[in-house]
Each structure stands twice: as C-alpha cells, then as structure tokens.
Amino acid sequence: MAAVAEVNAAIRVLIVDDDPLVRAGLAMIIGGSPELSVVGEAACGAEVPAAVEAYAPDVVLMDIRMPVLDGLAATELLRARPDPPEVVVLTTFDADEYVLRALRAGASGFLLKHTPPAEILRAIVRVSAGEPILSPTVTRQLIAHVADTGAAARRQHAVRVLSLLSEREREVAVAVGRGRSNAEISGELFMSIATVKAHISRILDKLDLNNRTQIALLAHDAGLTG
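- Under an unreviewed UniProt entry, the name given to the protein chain is Response regulator, and the source organism is Nonomuraea guangzhouensis.

In structure tokens form, the structure reads like this:
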C-alpha cells in the first residue's frame, strides 16, 4: 500500500492492481486530469480496507485477479462498509460471471483495460457523480444475460422486488435500467432533476441497494428495459 502525492483536485482516486506497471500507467493518465487526484495505491484486495481508511478515496479503480484477495471479493467487502467509495472494476476479463458478480457486489462501473484513457477519465467523473458506467462490450453482455438459464428465477425475484415501488418509482427504475442520466429521466418523465434524485434515493432505500447499477440490473432481470 503506497501513498501518492496529491494534486489539488475534486475527485480522489485509489488504484488497486497487483501490476506496478499498470498502477504507474493509470496514475499517469489520471494525474493528467485537473479534475482528478490519485491519493493512493494498493497491490491486492487485502490492502483495500486499510487504504480506504488511510486515503478516503471517492472512487476506487479495482483490478479483478490479484493475490491474497481478488478484486471481486474486495468490492463486496468495500461496498458493505458505511458510506463506501464508488468502485470501477478495470480489468482484462470480460466474462459474464465477472461482470455480473462485480455489478451485483455494488461496483458502479466495469471497464476493460484497453478502454481509451479519455473514456477511463470520463468514467471516473461520472461514477463519482452517481452514474453507472459500462464499456460497450459489457453493456451488450448485461442486456443479453437475461436469456441465460437462470433468467426465469431472476425475473420472478426482480418483479417481486420492484412491486414494492410506487408506479412513479418504477418508471424511474426502468429509465435507470435503460441507461438514462438524471437529466434525461427528468425530460422523459416531466419531473425536476431534484425529484429524479429523490426517487432514486427512495428506490435505493426501499430495495436495500447500493447504487444505480443494481437498480438497472433489477430492471433488466424483470424484462422492463426492452
């Protein structure tokens, strides 16, 4: 676990990857943005809790395959903490089981390491603002995964859970599932952005979810986003 000199920036980023060259490359990319600051690094998932305590990041960039504790398990532990930072999984692996486990664990984004640097920077900014972000490849998998062998059971569960919401809250949940931003939902449903945010907060509280991505997963599982 290593501290990194902080730049005067609004969004604090912790990089977690067992490859020092990857960490150095990400730190260089992020360090070039005036909006972002790399406040620390960790070499495995087991170092994440102490690093979060020490550096108080807003966003954690998390690799998947690491020694001692992998990034998926680390994400699950991290998102179970009170007031946790947002997590963006950044990896070379885009297999369905990795994507879905990361998102269900509470990650707000899942990007592949060949994602262009500018898109990585945009993803960090968006996630810090509460908006989920997925690479195009991952988005296609997320949309398609409802057709696999566990789809029927997931759909039944999702429909039951979403029935706890009011009609207006369900409309917002479906819009989130379709990848709409707060501004887009505001325009489509004729409500203020503040009202959209209030609905999303109530949905998260009612359904005991971590973030918008988990709302989107429920909407997809229920078959409401087609």
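Text resumes after the structure shown.
Focus: the pattern of salt bridges
1) Next: Summed over all chains, the structure comprises ten salt bridges.
2) Next: A salt bridge links K113 to D63; its shortest N-O distance comes to 3.4 Å. Here K113 is found in the loop between β6 (109-112) and α5 (117-128), whereas its partner D63 is found in the loop between β4 (59-62) and α3 (71-79), with 50 residues between them in sequence.
3) Next: Accessibility expressed as a relative area gives 29% for K113, which makes it partly exposed.
4) Next: Where E171 meets R168, a salt bridge forms, and the shortest distance between an N and an O atom there is 2.6 Å. With E171 and R168 both in helix α8 (residues 167-177) and three residues apart, the pair spans about one turn of that helix.
5) Next: Judged by relative accessible area, R168 falls into the partly exposed class, the value being 31%.
6) Next: Here the salt bridges do not stand alone but share partners, grouping D17, D63 and K113 into one network.

Thresholds applied
Residues numbered from 1 in each chain as written. Predicted model: local features only at pLDDT ≥ 70, side-chain atom pairs only at ≥ 80, totals over all residues. Heavy atoms only, no water. Salt bridge = Lys/Arg side-chain N within 4 Å of Asp/Glu carboxyl O. Helix = DSSP H or I, 4+ residues; strand = E, 2+ residues; numbered from the N terminus. Buried < 20%, exposed > 50% of the residue type's maximum accessible area, 1.4 Å probe, protein only.

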